[in-house]
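# Secondary and tertiary structure notes
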Amino acid sequence: MSVVEIVAIIDQSGSMSGLREEVVGSLNGFIEAQQALPGHANLTVVMYDDRYEVPLDSAPLKDVKPFTLEDYNPRGMTATYDAVGKALSQLEERNPEKAIIM
């Protein structure tokens, strides 16, 4: 049985501070919807500003707990291309049969 790799790349720069609750709620809604689907998936969450953080790295989706406002703290400047490039490189190393990138 193949496992789908899901990668969520989330902007955590200071410009997102006004959307903090919406970002956490949207991420949790996405996770909940994916958990309701049949099959097996792993979730990687990448958060970036002028830093690159991976609070979840290919964790079994069924075991992922909801994110809280304490887990998402907008700050710093934006480094979108760096975050996307690093996330794709890590995904490529895993070489999954299927992948979802959001």
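Above: the structure in question.
This text gives an overview of the structure that appears in the document. (Residues numbered from 1 in each chain as written. Predicted model: local features only at pLDDT ≥ 70, side-chain atom pairs only at ≥ 80, totals over all residues. Heavy atoms only, no water.)

### Overview of a nonpolar patch on the surface
On the surface, Val84, Leu88 and Ile101 cluster together to form a nonpolar patch covering roughly 220 Å² of accessible area. Among the structural elements, Leu88 can be located in helix α2 (residues 80-94). Residue Leu88 is classed as partly exposed on the basis of its relative accessible area, which comes to 38%. (Patch = residues over 30% accessible without salt bridge, like charges linked within 9 Å, V, L, I, M, F, W, Y side chains within 5 Å. Areas by Shrake-Rupley, 256 points an atom, 1.4 Å probe, with all protein chains shown as cover. Salt bridge = Lys/Arg side-chain N within 4 Å of Asp/Glu carboxyl O. Helix = DSSP H or I, 4+ residues; strand = E, 2+ residues; numbered from the N terminus. Buried < 20%, exposed > 50% of the residue type's maximum accessible area, 1.4 Å probe, protein only.)

### Quick word on the pairing of strand β2 (residues 40-48)
On a regular strand, one side chain projects to one face of the sheet and the next to the other, so that they alternate. Burial analysis of β2 places 8 of its 9 residues in the buried class, the great majority of the element. Of the strand pairs in this sheet, strand β1 (residues 3-11) and β2 are connected by 9 bridges, and their pairing is parallel. Directly across from Val7, in β2, lies its bridge partner Thr44. Crossover handedness for the path β1 to helix α1 (residues 20-35) to β2: right-handed. Across 5 bridges, β2 lies against strand β3 (residues 52-60) in antiparallel orientation. Its bridge partner lying in β3, Leu43 is registered against Ala59. Linking β2 back to β3 in an antiparallel pair, the connection comprises 3 residues. (Pairing = 2+ DSSP bridges. Right-handed = clockwise from strand over helix to strand, strands pointing away.)

On their own, these measurements won't tell you what the molecule is for.
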